[in-house]
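Observations on the model geometry
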Amino acid sequence: MERDIVILDPVSRGIIGGCGGPSADGACPRVAIGGIIPCAGYALVPAGARDARPYTVSSQMTMCPRTVAEALAVASDSALIAA
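Cut-offs applied
Each residue is numbered by its place in its chain's sequence as written, counting from 1. Per-residue local features of the predicted model are confined to residues with pLDDT of at least 70, and side-chain atom pairs are confined, for both listing and counting, to 80 or more; whole-chain, interface and lining totals are unaffected and use all residues. By convention in this description, side-chain values take in all heavy atoms of the structure and omit both hydrogens and water. Helix and strand definitions here come from DSSP, where helices need a minimum of 4 consecutive H or I residues and strands a minimum of 2 consecutive E residues; each element is numbered from the N-terminal end. For this analysis, residues touch if any pair of their heavy atoms sits within 4.5 Å. In these tables, accessible area is a Shrake-Rupley quantity obtained with a 1.4 Å probe, and a residue counts as shielded only by the protein chains included in the view. Within this document, salt bridges are pairs made up of a side-chain nitrogen of Lys or Arg and a carboxyl oxygen of Asp or Glu, the two lying within 4 Å of each other. Note on classification: 1.4 Å probe, protein chains only; a residue is buried when its accessible area is under 20% of the maximum for its type, exposed when over 50%, partly exposed between these limits. Grouping buried Ala, Val, Leu, Ile, Met, Phe, Trp, Tyr and Cys residues that are joined through side-chain atoms within 4.5 Å yields what is termed a nonpolar core. Strand pairing is assigned whenever DSSP identifies at least 2 bridges connecting the two strands.

1. Quick notes on the overall build of the chain
From N to C terminus, the chain includes two helices and four strands. Element order for the chain, N to C, with α for helix and β for strand: β-β-β-β-α-α. For the chain, long-range pairs separated by at least 24 residues make up 45% of all intrachain contacts whose partners lie at least 6 apart in sequence. Put simply, the chain shows about 5,500 Å² of open surface, and 58% of that area lies on carbon and sulfur atoms.

2. Comments concerning the pattern of salt bridges
Summed over the entire model, instances satisfying the criterion amount to one salt bridge. Ionic pairing is found between aspartate 4 and arginine 66, a salt bridge with its closest N-O pair at 3.1 Å. Linking aspartate 4 in the segment before strand S1 (5–8) with arginine 66 in helix H1 (residues 65–72), this pair joins segments that are 62 residues apart in sequence. With a relative accessible area of 27%, aspartate 4 lands in the partly exposed category. With a relative accessible area of 28%, arginine 66 lands in the partly exposed category.

3. Focus on the nonpolar core
One finds Ile5, Ile7, Cys19, Cys28, Ile37, Cys39, Ala40, Leu44, Val57 and Met61 forming the largest nonpolar core, which totals ten residues. The residues contacting methionine 61, other than those within four sequence positions of it, are Gly35, Ile36, Ile37, Ala40, Tyr55 and Val68.

4. Some points on the side chain of threonine 67
The residue threonine 67 is located in helix H1 in this model. Here threonine 67 falls in the buried class, since its relative accessible area comes to 19%.

5. Quick notes on the pairing of strand S3 (residues 43–46)
Judged from the four bridges that link them, S1 and S3 form a sheet pairing that is antiparallel. Considered in S3, the bridge of leucine 8 is made with alanine 43. Bridge count for S3 against strand S4 (residues 55–56) is two bridges, and the pairing is antiparallel. Counterpart to leucine 44 in the pairing with S4 is tyrosine 55.

As structure tokens, then:
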């Protein structure tokens, strides 16, 4: 599995592991649907950018944060934004 996301301890910023992101259907391939994802409670940064501002995953997260971010991404000229 390609690890394009680094999982860090949110306090020490030590590397806990890595992740290649969601499967094709957007689910975390490491847990059954509805289960708490393995990166829950940890900080995420892109591989190769360890000094980047991290995203801290909720300790109760059950969906891949990348899937959530992609679902929420809306073009700035979208009717949703203009409303």
